[in-house]
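Given next are the chains, with one letter for each unit.
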Amino acid sequence: MSKPVKSLLVPSLLLMLSACGGNGGSGPSQTFTNSNQQTTETQTDTAIDERIIGDVTYLATELANEGDEAPAGTRLFYRESSSFSSQFQSDRANQVSEIISDIAGQINIKDIEIFLESNDFATDVLPSNSTNTLFLHLTEADFSDATFAFELSKAIYKAHRHTFIQTDTQAEQMISDGLASAFAIALLNTNTPNDLLPQAGSDLNTVSNTIDLTSNEPLPDDDFVPQIGYQAALIYMFDYPGSDPANLVSMPTSAFESYLALPLNHPLQEKKTTEELLLRTGNFPDQQSVEFITQQGRDNPGTYFLEGYNKRKMIALTFDDGPNNNYTVQILDILLEHDIKATFFWTGQNLNTNRAVALRAMEEGHVISNHTWDHPHSPTLTADDLWQDQIERTNDLFEEYLGFKSRLFRPPYGEITQEQVNYLNDRGMKTIAWSVDTRDWYTRNFYPGYPATTVEDIEQTVISLEHEEMIVLMHDGGAIRQNTVDSLENIIEHYHSQGYEFVTIETLLGIGNKY
């Protein structure tokens, strides 16, 4: 099973990791504290590249020094600003790889793993954008020691995951190791040493039944144990098109637990046909056509989503254009009352003035994703301008206010070119559309023959277009949204009565939002 999965993972993973987290080219001067000299200097991005190389050397030297702990103040990467360039030239990446490879024989990989996964280091020293940069170095580097590169890749992946998932149950130990193996295999491609490739064994299911997934004890020393997480990760990625180790790095352990319990013969979910994927609401004046949006979804499997690909009774409520300190708050109150999680696609401009509302939404378990900075018509922008001025600018604010960047992007008005879809996918971003448009945004009679949308219209649209794994477009900002708020109770009551589960886009698509 590993070979077909590997072939699917490699192209998208390498393309995505080659630019994750960066804003390309040389950027403005930055200020940072040099951990060795303890002075503050202004540096260009070129100097920052040099600094990273110096820090990697310093870390490696400390780890090679007979296991001595690196000083608490050691910092691998520049961290005062999230907007620095991560587009490093391959010669710099190779320089890093040469430094590490040259001393590979002097360093115990376990020391690196323990150091990277330590709580203090993962949370205080290693922000998430640092391991994104490490991913980048690894994709561009030409390691002379493939075994060391494989183990180092795994260690870095697990350290990055630990910045999001700070539990240590046996379930998490297995899935973290399994995802890390899948990441390293895809990263190194044909250069992965054969003896490091996890192999399925007939006893995997038997062994998995002896493991207590909730225990915090170390995993038993069994030859099959490391394979359980790997096989679970592969089957999970088969079940969720578009998922890969990089975008699963922040996915909660609970998403994988059923796969861990039955790693070899976990039943694959029944998939929808291409013809079943469609935007079900009719056309409307001056809006992107239903036919065009539907075709984009069908033409870009695993990249552009109209709805979930599987056939589970799930519904994802999504709200655009907030946050708003009136309507968003009312929506959060209703969702909290019914213990429902939703997904909010917010603009940077509105987040900038409503941080408290955003923090509440995050604390209550909702997914917060990217909807540009100021809601432009995306096709009027170049792909690079859309990325730099709208998406990255908003993600930088997300990171400042909420502590993460978003991988999920919804284009305003549903307008996005194929070039932009490809450009964003190369940078790890998934485009999220919808299968039902409530038209709650149409609050006034702008067009003859099209009366303004009422509360009853919203309810009827969502209820009459019931289908499995539906994504519903609603709004919590941008204009008067009281009709949206007032429609929620009846929608929730109906779908609960039909046995549907309300979920986030993360859960529906099986793809992590945070990086």
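For the structure, check the block above.
Residues numbered from 1 in each chain as written. Predicted model: local features only at pLDDT ≥ 70, side-chain atom pairs only at ≥ 80, totals over all residues. Heavy atoms only, no water.

Colleague: Is there a simple way to think about the pattern of salt bridges in this case?
Modeller: It is possible for side chains bearing opposite charge to pair when their charged atoms get close. In this structure the tally under the stated criterion is 14 salt bridges. Between Glu276 and Lys311 there is a salt bridge, and its shortest N-O distance comes to 3.6 Å. One end of the pair, Glu276, is in the loop between α11 (257–261) and α12 (290–299); the other, Lys311, is in the loop between β3 (304–305) and β4 (314–320), with 35 residues separating them in the sequence. A salt bridge links Arg280 to Glu307, with the shortest nitrogen-to-oxygen separation between them at 2.6 Å. One end of the pair, Arg280, is in the loop between α11 and α12; the other, Glu307, is in the loop between β3 and β4, and 27 residues separate them in sequence. Among the charged side chains, a network of salt bridges with common partners joins Lys154, Lys158 and Asp177. (Salt bridge = Lys/Arg side-chain N within 4 Å of Asp/Glu carboxyl O. Helix = DSSP H or I, 4+ residues; strand = E, 2+ residues; numbered from the N terminus.)

Colleague: Any chance you could explain the packing of aromatic side chains here in plain terms?
Modeller: Centre-to-centre distance and the angle between the planes together describe a pair of aromatic rings. Tallied over the entire structure, the rule returns 17 aromatic pairs. Ring geometry for Phe398 versus Phe404: centroids 6.2 Å apart, planes at 70 degrees, classification edge-to-face. Since its relative accessible area comes to 0%, Phe398 is described here as buried. With 6.4 Å between their ring centres and 50 degrees between their planes, Tyr442 and Phe446 make a pair best called tilted. (Phe/Tyr/Trp six-rings, centres within 6.5 Å; stacked < 30°, edge-to-face > 60°. Buried < 20%, exposed > 50% of the residue type's maximum accessible area, 1.4 Å probe, protein only.)

Colleague: Would you explain the side chain of Asn395 in this entry?
Modeller: Tracing the sequence through the fold places Asn395 in helix α16 (residues 383–402). Separated by 2.9 Å, the side chain of Asn395 and the backbone nitrogen of Ser406 make a polar contact. Aside from chain neighbours lying at most four places away, what touches Asn395 is Asn370, Phe404, Lys405, Ser406, Met429 and Tyr515. (Polar contact = N/O pair within 3.5 Å; in protein donor to acceptor, adjacent residues only side chain to side chain. Contact = heavy atoms within 4.5 Å.)

Colleague: I keep staring at the environment of Gly510 and nothing clicks. Help me out?
Modeller: Mapped onto the elements, Gly510 comes out in the segment after α20 (505–509). Given a relative accessible area of 0%, Gly510 falls into the buried group. Once residues lying within four places of it in the same chain are set aside, the contact partners of Gly510 are Tyr236, Tyr240, Ser243, Leu248, Met251 and Ile505.

Colleague: Could you clarify how one ought to interpret the nonpolar core in this entry?
Modeller: Formed by 36 residues in total, the largest nonpolar core has its most connected members in Ile315, Leu317, Phe319, Phe344, Met474, Leu488 and Tyr495. Mapped onto this core, the elements with two or more residues apiece are β4, α13 (327–337), β5 (343–346), α15 (355–363), α16, α18 (455–464), β10 (470–475) and α19 (482–497). (Core = buried A, V, L, I, M, F, W, Y, C linked by side-chain atoms within 4.5 Å.)

Take it as geometry only, folks, not as evidence of what the structure does.
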